[in-house]
Amino acid sequence: MRYRQQGYIGTPGGLGYVAPNFNTGNGWTQQNYQNSGLAFQGFYLAPFLLGYADSGNTQPVVNRTYSSYYYAPFVQDDWKGTPKLTVNLGLRYDLSPAPTERHNSANYAFDTTSINPVDAQIDHALLPGGEPIRGSFTFAGVNGNPRSAFKVGKLGFQPRFGFAYAVNSKTVVRGGLEEMLTGFLLSYLSPVTDGLTGFSAFTGYFATLDNFQTPNPNANVGNPFVQGLTPITGAKAGHLTALGQGANFYDPSYKQPTYCGYSLGVQRQLSSHDVLEVSYVGSRTYNLAPANVNTGIAGTNINQISPAWSKQCDQGFGGTPDICNNDLVPSPSYNISAFNNASAFSNTAQTISGGQLTRPFPAFGDIYELLNNGRSWYNSLQTTVNHKWNNSLILRVGWTWQKTMDSGAWADQRYNIRQRVIDQLDMTHKISVSGVYNLPVGRGRTFLGNANRIVDAAVGGWELGSSYTYITGMPVNIGVVYVNSPPKVPLQKEDPIYTRAFAPCTNQWLQASDGSWSLQPVTGYIYSGSCNQPDFTLIPQYGLNPNIEYTGIRSRSTQLFDVNLSKLFSVTERVKFQLRVNAFNVLNHPQFGTVPFEYDTGATDPTFGTYSKLAGNNPTRNLELALKLIW
């Protein structure tokens, strides 16, 4: 039986107050304000010199005290059915209730059906269908809601099964199956640091009200929050909480992540010195909460802008961004005090983007229902050879061939595009070689077998060990672009500093003086080659985000070779000490960047497609001397 109680005091740790921060880009100084993110246009520092930024915010957060409990009774037994068959049986039960906050300082689910009280102040003639304003946030422990953000899962039975069968004196077949609940706090989201709607106060800085055509006349960096800071209301504001803001909530039926692992293998003695083992090892993990590729939020936006509205502005569908950028309609939230602290739009402006009014709940920004419908699966072939020779040499060689896949996240929810990708940490091959060799020198050994104590203490009884690991590189994902063709090129020097891995041949949508849009090559890259056709196209402002494609580009392989030399000295029968010399990364193989992010994948960066030999933290060759006393 295992029991655990955890407490979290003052969480989220260190986030009791987030100081004001401002971001600047090329929005104010690029050539064409209609197309955000143009490559190599604008100067990021210039807006600050003018007293403006592209965006900014501040966000005080309440300190909260959480507690959670974990119960895990289990039973296990080994049963020897026959002299050749052994079976391992086990059953575990996990009960891991969702964390609760001492003062109920957390939001609950979003109410999608009730009419919001602000509806009485809205001019319905300004809404596309004249429909009432619906939707509001609810709170944990209020009006009959449970104190936890989601239901408590009670059915946590997890069977375990394993077996070993001796086919004959030299061959054994082994296999097993297990299920394990990983628990909420070990999932990709933490209920402790979420559920802050009403208990944090986001105040946004609106740099412009017309898509960087003109600065907001009522705000600048010197006075960014002209209406004051958004107050922390907790549950007191009730249905008026977070009006005009984006927020998230947990699906009340949130499930515990589940891991299932299984294996089947054969071990065969090839000779008196050699043993071979070949196994299939796999796993499936369910109820994960993978982050949205573009927003970084794990969940589904239940309040997204109509895809039809965005599609008319996507050049890829024959549209033009001018339509959406200039689609300003009278704002139904103008001068309504309940929207004073809106961050998705401003209630000081008489107009609002027409896209905002196409949302199911136009009184709010993006509302994410945090789900855990993702999954991951792993398949591998694992082989090992063990060699033992005359009690002097023990050698082990292993090779793993594997693939890891993930699915479940949204690549683009507007167009119902789900993500299904090779895992970012997938490594196709891993080869490891390790061994220990008792040097044949000293008393009772081949050389100097009759040496005296002094000679034996100096040169006898030494043990040499080493390990070598080779791991193939991990996939390099390239975002904010469409991949038109494989961009991979052989590794080549771009100049003394940069090494190129893929060609930066990129197109982007540009608007001509007559208002028409066309694809034009991006210039400004550090690239000595020629681009006959574009490998990439920058995703336009309202373009769809496709599932991340596997480009065939992987980070460089990792190679590590370590060696150690050790000797055990006997002081008395019970007291010994060990002298050990360790050498790490003996071959001094460099690792120029942080795998798998060593390549510059910023499509608008001059060094797109390269890595710098000056970057990263190389594990240099290192020697270590260690003494260990044993008694």
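Residues numbered from 1 in each chain as written. Predicted model: local features only at pLDDT ≥ 70, side-chain atom pairs only at ≥ 80, totals over all residues. Heavy atoms only, no water.

Asker: Describe in detail the overall build of the protein chain, supporting the description with residues and values.
Answerer: For the protein chain, the helix and strand inventory stands at four helices and 34 strands. Once the C-alpha set of the protein chain is aligned to its principal axes, its extents read approximately 100 × 65 × 45 Å. In the protein chain, which comprises 631 residues, the proportion classed as buried is 41%. Residue pairs at least 24 apart in sequence account for 73% of intrachain contacts in the protein chain once pairs closer than 6 positions are excluded. Summed over all atoms, the accessible surface of the protein chain reaches about 32100 Å², with 56% contributed by carbon and sulfur. Between the centroid of the 43 positive side chains of the protein chain and the centroid of its 38 negative side chains there is a distance of 16 Å. (Helix = DSSP H or I, 4+ residues; strand = E, 2+ residues; numbered from the N terminus. Buried < 20%, exposed > 50% of the residue type's maximum accessible area, 1.4 Å probe, protein only. Contact = heavy atoms within 4.5 Å. Areas by Shrake-Rupley, 256 points an atom, 1.4 Å probe, with all protein chains shown as cover. Lys, Arg positive; Asp, Glu negative; His and termini not counted. Charge placed at Lys NZ, Arg CZ, Asp CG, Glu CD.)

Asker: Quick rundown of the sheet that holds strand β27 (residues 498-502)? Include the residues and the values.
Answerer: Across the sheet, three strands lie side by side as β26-β27-β33; this open sheet has antiparallel pairing. Every other strand in the sheet has two partners, leaving β26 (488-493) and β33 (610-612) as the edge strands with one partner each. In this sheet, adjacent strand axes meet at a mean angle of 20 degrees when their direction is disregarded. Where β27 meets β33, three bridges bridge the pair, whose relative direction is antiparallel. Note on β33: the bridge partner recorded for R500 is T610. (Pairing = 2+ DSSP bridges. Axes fitted to C-alpha atoms, helices over the stretch in contact; angles between N-to-C directions.)

Asker: Lay out the nonpolar core with the relevant residues and their values.
Answerer: Counting 22 residues, the largest nonpolar core has F110, F137, F339 and F364 as its most contacted members. Counting residues per element, the ones that place at least two in this core are β8 (107-115) and β13 (247-250). It is β8 that provides the largest number of residues to this core, a total of three residues. V476, V481, F536 and L538 belong to the second largest nonpolar core, which has 15 residues in total. (Core = buried A, V, L, I, M, F, W, Y, C linked by side-chain atoms within 4.5 Å.)

Asker: Would you mind going over the state of the cysteines in detail, with residue names and values included?
Answerer: According to the stated counting rule, one finds two disulfides in the structure shown. Here C505 connects covalently by a disulfide to C531, the sulfurs 2.0 Å from one another. Sign of the S-S torsion, about -80 degrees for the bond between C505 and C531, identifies this disulfide as left-handed. Here C505 is found in the loop between β27 and β28 (506-511), whereas its partner C531 is found in the loop between β29 (517-521) and β30 (536-538), with 26 residues between them in sequence. The exposure class assigned to C531 is partly exposed, which follows from its relative accessible area of 41%. (Disulfide = S-S within 2.5 Å.)

Asker: Could you give an account of a nonpolar patch on the surface, naming the residues involved and the relevant values?
Answerer: A grouping of V385, L395, V397, W399, W401, I431 and V433 is seen on the molecular surface, where their side chains present a nonpolar patch of about 510 Å² in accessible area. The dominant element in the nonpolar patch, judged by the number of residues it contributes, is strand β21 (residues 393-412), at four residues. Mapped onto the elements, V385 comes out in strand β20 (residues 374-389). (Patch = residues over 30% accessible without salt bridge, like charges linked within 9 Å, V, L, I, M, F, W, Y side chains within 5 Å. Salt bridge = Lys/Arg side-chain N within 4 Å of Asp/Glu carboxyl O.)

Asker: Pulling in residues and values, what's your account of the confidence of the model for the protein chain?
Answerer: It should be kept in mind that the predicted coordinates are not to be read in detail where pLDDT is low. Overall, the prediction assigns the protein chain a mean pLDDT of 85, with 91% of residues at 70 or greater. No element of the protein chain has a lower mean pLDDT than strand β1 (residues 2-11), which averages 57, and none a higher one than strand β14 (residues 258-269), which averages 95. The low-confidence segment residues 11-16 (pLDDT under 50) makes twelve contacts with residues lying over four places distant or belonging to another chain. (pLDDT = per-residue confidence, 0-100.)

Asker: Let's hear about the pattern of salt bridges: which residues, and what values?
Answerer: It is possible for side chains bearing opposite charge to pair when their charged atoms get close. Scanning all chains against the criterion turns up six salt bridges. The residue D412 makes a salt bridge to R414 at a minimum N-O spacing of 2.7 Å. For R414, a relative accessible area of 21% puts it in the partly exposed group. The salt bridge involving R554 is made with D426; its shortest N-O contact spans 2.9 Å. Of the two residues, R554 is situated in the loop between β30 and β31 (558-570) and D426 in the loop between β22 (417-422) and β23 (429-438); the sequence distance between them amounts to 128 residues.

Asker: So what about the pairing of strand β5 (residues 74-82)? Which residues, and what values?
Answerer: In terms of strand pairing, β5 meets strand β6 (residues 85-93) through eight bridges, oriented antiparallel. Within the sheet, the bridge partner assigned to Q76 lies in β6 and is G90. Hairpin connection, β5 to β6: the antiparallel pair is bridged by two residues.

Asker: Any chance you could break down the sheet that holds β30 for me, citing the residues and the numbers?
Answerer: The strand order across the open sheet formed by four strands is β25-β30-β28-β29, and the pairing between neighbours is mixed. Edge positions in the sheet fall to β25 (481-483) and β29, since each has one partner strand and no second. Each adjacent strand pair in this sheet contributes to an overall mean axis angle of 30 degrees, direction not counted. Here β28 pairs with β29 via five bridges, running antiparallel. Within the sheet, the bridge partner assigned to W509 lies in β29 and is L519.

Asker: Before we move on, can you summarise the side chain of N116 with the specific residues and values?
Answerer: Relative to the helices and strands, N116 is located in the loop between β8 and β9 (134-139). At 2.8 Å, the side chain of N116 forms a polar contact with the backbone oxygen of H239. Every residue in contact with N116, bar those within four places of it in the chain, is listed here: I133, R134, G135, S136, H239, L240, L243 and F364. (Polar contact = N/O pair within 3.5 Å; in protein donor to acceptor, adjacent residues only side chain to side chain.)

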